[in-house]
Each structure stands twice: as C-alpha cells, then as structure tokens.
Amino acid sequence: MTITALTNIGTIVSGDINHPIIEGNTIIVKEGVIEAAGTTNVLENYRVDVWIDVQGATVIPGLIDSHTHPVLGDYTPRQNSFNFLEGSVHGGVTSIISAGEVHTPGRPTDPAGVKALAVLAHKSFAKFRPKGIKVYAGALILEKGLVEEDFKELADEGLWLVGEVGLGSIKEAEEAAPMVEWAKKYGMKVAMHTGGISIPGSSIVTAEMVMNVAPTLSSHTNGGPTAISIKEIDKLIDESAIPLEIVQCGNMKAADHIARRLKENGQLERLILGTDSPSGSGVMPLGMLRTIVQTAAMSDIPAEQVIACATGNTSKVFELNTSMIAAGREADLVVIDSPIGSSGEDALSAIECGDIPAVAMVMIDGKVRVNQSRNTPPTARQPIYESGTMY
C-alpha cells in the first residue's frame, strides 16, 4: 500500500469554485486516492513511501476537457493525427468527455449502428488509456428511430453519455425532448449543440431550442465554431439555469461575454471549459490551458476560479469523482508553475498576465505520468522525487 506525499507546495488550488484555495502546502495520496490536503501536520498520520518536493510550485486538479470528439485509439481521422490524447496529458488534461464519436469514417446513422458505435467506443476506451488519461467515450448520437428501450439497453451496458443533440438526424426540439427525457430517466448526461452549423449534417440551434430540450449542458455556447448572437446568449444566461460550456474552438468574443456575465451574476458555477477538438480547428494539446489563460487574463476572473471551471465545475455537472482536491477524490493532480521568463511570479499570476503556465508534473490515479511537459515552456521550479518510481 503506497502512500505518496506532495510537499512544499506554494499554492493548492482546490477546484471548488466557492473555496478555490486550500490553506496548506501538503497533499497525501494513498492507493490512487487523495487522503488529505493541508499543512504539514497531515504528515503525522502517515508513513510516507514516496516524497515529491514540489519546490514551491502550484498544484491544481487534473483538467477535464468537457468537449472532445474521439473515435478509436489515440488517432483522429479528422486531422489525420496520432497521439493527440497523450499530448493532452502533457497539457495538464487528465480526463476528457466525448460529445459524440461523430468523426468516425462511415459513421452509421441507423439506430442499431449508432448504438453499436457508442458501445464500442465506451468499452474500448475503458481499457485504452494513453498516459493514463481517462476517456469517457461512447456518447450516443441521436438518430431517428431510437426508442426508449434503446436507452435502457445502453444504460445497462454502462453507457451514460448522449452526444451533442443536433449532430444526428434529430434536430427539432419536439423530436429531441422525448429522447432527452428517456436518456435522463436512465441516468445519462446530455450535451446539446448550441450555435451555428459546425459540420455537414448538423443544424443551427437557438437558445429557445436549448431551453425546450433541457439538456444537461449547453455545448460550446460560444460557438462550435459559430456562436449564437449575444442576445441569444443572454437569454440562456437569464432565463435558464443550464450549465454553459465555452470552448477554445469557438467565438472568443462570445466566450468573454459569457464569462463576464456569469461572473457579474454570481453564477460562475455554471461555467465549464472544453476545447471542441479534434475538429476542423485542429488538435489542441494545450487547448484547455489556453482557454483558462484567455478567461482569466481577458475576462478578469481570478485564475483559481477559472481553474475550478475547468475541473470541479465539470466534475459536478458530469458527476465524476475526480478533478477536485479533497479527501476521497481520485488523485488526478497537476503541478504548474510560471514559465521561465514570465512576468508572473507563480503559476496563477502568470495565467492572469496572459502566459501559458508550465506543466511540471501530471499525476493520474496517484501515478506520475508526466515529469515536465513536452508541450509547455520549461518551469521555473521542478519537483524533486526523493524516492519512488516513474510510470
């Protein structure tokens, strides 16, 4: 039974939007789960096997990319690119959530086909985890002909995601609403495409349509890549309580408006972050970090709260036991610091001045998966491993 201690932490970012900073400098991990976080006093209760001296850097929960489009394996046919999942881990991402395996070549559009595709993706990624990343895949794309029994059948197989409503042949709210109710009945989380047409076959989705369907979240509310109007965005903000997702592959002006309005309303718990990649905009290993930096630096939201939008907020929306630093949570942790040359003195101030933070370490389920990122600039401070093994 291995116990790991992360010590000499400069700042612990909790992932909790309401209490984003944890007072202390130590985190205890036992068998892949966070045991405690606080001052060095927590060490008194444990016999530590592995010591990781963080050297004054910042520890945050692993980032969750709330909007991705995987297919099978660490390959995307949309951009003909390999190892994009592994690259994301180097960008501090420890979990990704599929919004539909829509880029699958020859994707089936009949009920039997879309169910088979969802089951295949779900079961494949349950066993395939490049660099340890958690891929929540198998997001059913809604097509004409699906019936309630289909949703029950998939739920019995362990599936719990519905891909963006609007990507399949079900486009009108009147058609989508009953299917969304079936999905919710069997414990599924439902994303809904919001904005203009993203790929051939998708459709324009308005605020009224989203509210009538009542999904779990409004996907890429800032556009994927084309946004609905500011008036429509305000309607979603003011007339619903639906969580709103902003993505890197969307309209940046709309993203800024959404973040600022939610902050003004005291509703930042509704904001979650994703990339919407791979997509026509490309493969984005640092997409989550870029969205965090953009939101903190340009929308004037404290970096620790924006990090919570990319971690704890998303884990709450999807009911995941990860990406918050608290006892009992899966030990998915990222050490970040100001990059060499930044005017920021630490990771949070670097983010707020507009610099991509340097990733010094990524831990997933208590195992160190990355020791210094291949994709970010070098860190000002690098953790020291006093014992233990790299995985």
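The preceding data block contains the structure.
Residues numbered from 1 in each chain as written. Predicted model: local features only at pLDDT ≥ 70, side-chain atom pairs only at ≥ 80, totals over all residues. Heavy atoms only, no water.

A. Representation of the packing of aromatic side chains in the model. Going through the model one piece at a time under the given rule, you end up with 5 aromatic pairs. Judged by centre distance (4.7 Å) and plane angle (35°), the ring pair of Tyr75 and Phe82 falls under tilted. Tyr75 gets classed as partly exposed once you look at its relative accessible area, which sits at 26%. Look at Phe82 and you get exposed, because its relative accessible area is 61%. Here Phe125 and Phe128 contribute two aromatic rings whose centre-to-centre distance is 6.2 Å and whose plane-to-plane angle is 50°, an arrangement assigned as tilted. Using a relative accessible area of 1% as the deciding quantity, one classes Phe125 as buried. Three or more aromatic residues link up through ring pairs in this structure, and these residues are Tyr136, Trp160 and Phe318. (Phe/Tyr/Trp six-rings, centres within 6.5 Å; stacked < 30°, edge-to-face > 60°. Buried < 20%, exposed > 50% of the residue type's maximum accessible area, 1.4 Å probe, protein only.)

B. Representation of the side chain of Ser342. Tracing the backbone shows Ser342 in the loop between strand S19 (333-337) and helix H11 (347-352). For Ser342, a relative accessible area of 19% puts it in the buried group. Engagement of the side chain of Ser342 in a polar contact is seen with the backbone nitrogen of Gly344, the distance being 3.0 Å. (Helix = DSSP H or I, 4+ residues; strand = E, 2+ residues; numbered from the N terminus. Polar contact = N/O pair within 3.5 Å; in protein donor to acceptor, adjacent residues only side chain to side chain.)

C. View of the environment of Ala259. Among the structural elements, Ala259 can be located in helix H7 (residues 252-264). Taking C-alpha positions, Ala259 is 9.0 Å from Asp300, a pair spaced 41 residues apart along the chain. Setting aside chain neighbours within four positions, we find Ala259 in contact with Leu268, Leu271, Thr295, Ser299 and Ile301. (Contact = heavy atoms within 4.5 Å.)

D. Structural detail: the nonpolar core. The biggest cluster of nonpolar side chains holds 76 residues, and the ones touching the most others in it are Leu63, Leu142, Phe151, Leu271, Leu273, Ile292 and Ile351. When residues of this core are assigned to domains, at least three map to each of domain 1 (3-61 + 324-387) and domain 2 (63-318). Contact partners of Ile351, with chain neighbours within four places excluded, come to Ile292, Val293, Ala296, Ala297, Ala303, Ile307, Ile336 and Pro357. Within the second largest apolar cluster, 20 residues are counted, among which are Ile9, Ile12, Val59 and Val368. (Core = buried A, V, L, I, M, F, W, Y, C linked by side-chain atoms within 4.5 Å. Domains from an automatic or database assignment.)

E. Geometry of the pairing of strand S11 (residues 93-98). Most of S11 is tucked away: 6 of the 6 residues are buried. Sheet topology places S11 next to strand S12 (residues 134-136); 3 bridges connect them, and they run parallel. Across the sheet, the residue bridging to Ile97 is Tyr136, located in S12. (Pairing = 2+ DSSP bridges.)

F. Focus on the sheet that holds strand S2 (residues 11-13). Taken in spatial order, the 6 strands of this open sheet run S3-S2-S7-S19-S20-S21, and their pairing is mixed. With partners counted over all chains shown, the strands left at the sheet margins are strand S3 (21-22) and strand S21 (367-371), one partner each. Pairing of S2 with strand S7 (residues 58-61) involves 2 bridges; the strand directions are parallel. From the neighbouring strand, Thr11 faces S7, where its bridge partner is Thr58.

This is a description of form; function is not addressed.
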